[in-house]
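Single-letter residue listing:
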4 protein chains.
Amino acid sequence: MPRKPALSAEPSERSDLPEPAGTPAPPASHQRRKAERPSELLDAALQLFVEKGFAATKTEDIARLAGVSKGTLYLYYTSKEDLLREVISQRVSTRIAEGMARAAAHQGSATELMRTLLVDWWMQTLESDASGVFKLVVSEVRNFPEIAELWFNEISQPGSQLIGGMVQRGIDSGEFRQVDVLSVVYSIVMPLVMLCVHRHSLGACECPGMGLDPQTFIRAHIDLVLRGISTHPEP
Amino acid sequence: MPRKPALSAEPSERSDLPEPAGTPAPPASHQRRKAERPSELLDAALQLFVEKGFAATKTEDIARLAGVSKGTLYLYYTSKEDLLREVISQRVSTRIAEGMARAAAHQGSATELMRTLLVDWWMQTLESDASGVFKLVVSEVRNFPEIAELWFNEISQPGSQLIGGMVQRGIDSGEFRQVDVLSVVYSIVMPLVMLCVHRHSLGACECPGMGLDPQTFIRAHIDLVLRGISTHPEP
Amino acid sequence: MPRKPALSAEPSERSDLPEPAGTPAPPASHQRRKAERPSELLDAALQLFVEKGFAATKTEDIARLAGVSKGTLYLYYTSKEDLLREVISQRVSTRIAEGMARAAAHQGSATELMRTLLVDWWMQTLESDASGVFKLVVSEVRNFPEIAELWFNEISQPGSQLIGGMVQRGIDSGEFRQVDVLSVVYSIVMPLVMLCVHRHSLGACECPGMGLDPQTFIRAHIDLVLRGISTHPEP
Amino acid sequence: MPRKPALSAEPSERSDLPEPAGTPAPPASHQRRKAERPSELLDAALQLFVEKGFAATKTEDIARLAGVSKGTLYLYYTSKEDLLREVISQRVSTRIAEGMARAAAHQGSATELMRTLLVDWWMQTLESDASGVFKLVVSEVRNFPEIAELWFNEISQPGSQLIGGMVQRGIDSGEFRQVDVLSVVYSIVMPLVMLCVHRHSLGACECPGMGLDPQTFIRAHIDLVLRGISTHPEP
DNA sequence: AATGAATGAGAATTCATTCAT
DNA sequence: TATGAATGAATTCTCATTCAT
């Protein structure tokens, strides 16, 4: 029933824009649409679920936002809940994989790795749609136990391993003190997760805001933690 | 038919009966009930709103949990949304006031003040029902702009002032470096807010959990920050 | 890029090429299929309508059961209701014609004719798909007045004439008493119709069943009636 | 929100008219209605299910026919299917019990008993709403296995026992030949069930009809069977 | 002719709110 | 005040039918 979405969350998605002449015609619109629908629906669903919450989102609005009719949604997903599941598991997993690849490829010091990787990764995440998933999960887990499972298996656990691995590397190399790894991971991650959550809740309101830009905050936060665990804190 | 205008949750609600002058008159049991109804309804509403979210909570469930009938709820609150408003503004404000009083009374160093006050306050908050309000606000602000207002005026702003004041005190006294106060406030608060949010979302699931107890985390987190801003970090 | 229209499983679909003149050209297998489509659709529709009822049957299921796609169904029938009409009028009429032919050809006594013809005819009907039509008509006439017309003109009336004719023959020959012909016809037919209906309703359930095989029942029933109207009942 | 004026199909319902003075007021309308609702809904549901079939009946129509709103139906029955179940088990069981009581009380011959009891019972059944249940069951069993169970346990089995008992009584007393009891039961019952089914399907159409009145048919049918199994058939 | 993606009217069910008691 | 039966707008999901390919 649900079509396996099958395509990336990547950009350059959906050009209704006229193709440069000479380019072979795009695949027959019928077929092309079919291939893109699932992803378009997922985008629409994510946006609305994050903004309004699952229960307050109408399937018809998702469909309209994706540019299709009510019925079409059910050609690709069996239910609103199915859509919720897919939205969550599709949008973060790939990002985690990317992070792991980058960490594995890194040559320099743990401190350096963390400073660049964490800042980059979280900045990109924060600015992408994926950041909304954090708010969504936080808001809805208790209503859908299945989400908790998804979260731990596909996101929390691999994520902890990724960051914990970097901390451990620093301990082993003598850069960091003999801290409790897991505790540090949470100290690092929680404010950043919160930043994502914030962006889609209070941060999305007219109101004052927290008065500093995210990049500055992320950088400062990472520095703070690194200084906290470093064996040679810079003055 | 004009709805009773959503009176406050305060006791001594509208006794048209003249109190016997001077006599404290222990309230008759059903009188007492009557006086407590609003608060019981608020407790029930908070619990369910936090657990299921606003849209997914049924007014009937709130009423049942508070031990009254559906209709009764509407004698005290004009609508489900009214209940949401009240729930949010009632449960955190008092706690903030307490914190400010305690901070004002403190004599010793800023470091000392922060270490004790923040740990105590957040531990108590985390363990009380009030912690749920954080999750509730995070989940629902975007649907109810009014909540954002409540939040900033009654919670965020006074809270920032409380903590920012302590940081500033430390800077003035030379205990802390010349850091950006607001940035530090956020570094302090965000993980703690997140802890509250977490407790009512992923933390409420069966799943592994974050592996460390809250008190330890709070203490470690405050220490980390203090070390980060201190002019004389302990080794 | 127009997708090759996903042709049916059949090869060499659709030859626009002129057939070699003069050659009788045994119908290409796909030609045969094409010719049989309507009948296959009717079979599928009958089966599902009888089993689930008209309203609860999905056109897509009919199409699938007939081995074609949803759209194809509409190339042969204008609507689901059209299919219902056709299903009813096609499957019983032929059987009635057969019965009339056989009755006309018969030489012996009315008793003998009825004993053989009725038993044979109803056994064959009961075991064929046609038996389902009785259940279908019974279940759906009230929703489709048109069906009532079909029923009376094409089935009920000719059928009554067929059986009534045999009874009258027996009265005329002195084999039967001066009974009311129509009344006898109904006494004969109703249990047999009921047998068909039963086969497709309660008789199709797991449950105990009526404990006697149809042939025995039919035989016994006919005997009972014949004995009832006979001028010389066998002891 | 306009209150449904709540008039039932019943006459003299809802008397805004002044009650005759001195008459004790009818039970509080609120309460009285609550007590009658389930039965009114069942009546409405039976009528529509029998006429249109389960799938083609709209819950809203049932509600309207019962004089209530859509939502009210769900205060009494959990679903349309629940209504179907109840409709079937409530309307025939009582009639069977009545029949059994009467049979048990009978003193005279089996022949006499059957002639009077069967004719009476089936005439009453045929003319009551209960007759519709037969059509309903026949049309819907295959979609709802649960109905088959209900049918066998609450209707078919006790019914067979009731009639079979009478036949057996006649055999024991020498009135009837040594026939196969069950077979006779079916010969008796099937045309009568069919009569009920017929009344709510083809019999409800404008069309010619079967040309004889039910009472005559029932009488003739019973006579026919009795003559068929009697040891001393009257000429 | 055949396909199957898309549509949208329609049906079952839920739930905030009202109001007679 | 308190109750809970009743309401009906709103929401999810289905399915007959259409139509571009």
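About the thresholds
- Residues numbered from 1 in each chain as written.
- Chains lettered and ligands numbered in written order.
- Predicted model: local features only at pLDDT ≥ 70, side-chain atom pairs only at ≥ 80, totals over all residues.
- Heavy atoms only, no water.
- Least-squares fit on C-alpha atoms with pLDDT ≥ 70 in both.
- Helix = DSSP H or I, 4+ residues; strand = E, 2+ residues; numbered from the N terminus.
- Expected span 1.5 Å × (residues − 1).
- Bend = angle between axes of the 7 residues up to and from the residue.
- Domains from an automatic or database assignment.
- Contact = heavy atoms within 4.5 Å.
- Buried area = accessible area lost by both parts, 1.4 Å probe.
- Salt bridge = Lys/Arg side-chain N within 4 Å of Asp/Glu carboxyl O.
- Polar contact = N/O pair within 3.5 Å; in protein donor to acceptor, adjacent residues only side chain to side chain.
- Nonpolar A, V, L, I, M, F, W, Y, C, P; charged D, E, K, R; others polar.
- Axes fitted to C-alpha atoms, helices over the stretch in contact; angles between N-to-C directions.
- Parallel < 35°, antiparallel > 145°, perpendicular 65-115°, else oblique.

## Focus on the relation of the copies chain A and chain B
Inference 1: Superposing chain A onto chain B takes a rotation of 180° plus a shift of 0.0 Å along the axis, which leaves an RMSD of 0.1 Å. Given the turn and translation reported, the copies of this chain are related as if by a two-fold rotation axis. Ranked by how close their C-alpha atoms come to the rotation axis, the residues of chain A are headed by P191 of chain A, at 2.4 Å.

## Details of helix α7 (residues 145-172) of chain C
Residues and elements named next belong to chain C.
Inference 1: Given a rise of 1.5 Å per residue, 28 residues ought to cover 40 Å, and the 38 Å separating the end C-alpha atoms of α7 matches this to within 8%.
Inference 2: If you look at α7, its biggest bend is around 45°, right at F152.
Inference 3: G174 sits one or two residues past α7 and shows a positive phi near 85°.

## Thoughts on the domain arrangement of chain A
All names here are of chain A.
Inference 1: Along its sequence, chain A is organised into domain 1 (32-77) and domain 2 (92-229).
Inference 2: With 7 residues of domain 1 at the interface, the matching set in domain 2 holds 8 residues.
Inference 3: Carbon and sulfur atoms make up 70% of the surface buried where domain 1 meets domain 2, a total of about 590 Å² over both sides.
Inference 4: The largest share of the area that domain 1 buries against domain 2 comes from L46, V50 and F54, three residues that together contribute 76% of it.
Inference 5: At the boundary of domain 1 and domain 2, one finds 0 salt bridges.
Inference 6: At the surface where domain 1 touches domain 2, the tally comes to 2 residue pairs in polar contact (both at pLDDT 80 or more).
Inference 7: By residue class, the composition of the side of domain 1 that touches domain 2 is 4 nonpolar, 1 polar and 2 charged.

## A few points about the packing of helix α6 (residues 130-140) of chain D against helix α8 (residues 181-199) of chain D
Residues and elements named next belong to chain D.
Inference 1: Where α6 meets α8, the closest approach of the two axes is 7 Å, and the angle between their N-to-C directions is 90°. Taken together, the axis directions place α6 and α8 in an arrangement best described as roughly perpendicular. Contact residues: S131, F134, K135 and V138 in α6; V193, C196, V197 and R199 in α8.
Inference 2: Its residues placed into classes, the contact of α6 with α8 shows 5 nonpolar, 1 polar and 2 charged.

## With respect to the relation of the copies chain D and chain C
Inference 1: Aligned on chain C, chain D shows an RMSD of 0.1 Å; the corresponding rotation is 180° and the shift along the axis is 0.0 Å.
Inference 2: The overlap is high: 98% of the interface residues of chain D also sit at the interface in chain C, so the same surface is used on both sides.

## A word on the interface of chain D and chain C
Inference 1: Listed per partner, the contact involves 43 residues of chain D and 43 residues of chain C.
Inference 2: Counting each side, the surface lost to burial between chain D and chain C is near 4100 Å², with a carbon and sulfur contribution of 74%.
Inference 3: Three residues, R142, M190 and L202 of chain D, lead the burial of chain D against chain C; their summed loss comes to 18% of the area buried on that side.
Inference 4: Seen at the junction of chain D and chain C, the total is 0 salt bridges.
Inference 5: For the pair chain D and chain C, the number of links is 3 residue pairs in polar contact (both at pLDDT 80 or more).
Inference 6: Elements represented by at least two residues in the side of chain D that touches chain C include exactly α1 (29-52), α6, α7 (145-172), α8 and α9 (214-229) of chain D.
Inference 7: Per-element tally for the side of chain D that touches chain C: the top contributor is α8 of chain D, with 11 residues.
Inference 8: Across the side of chain D that touches chain C, the residue classes tally to 27 nonpolar, 10 polar and 6 charged.

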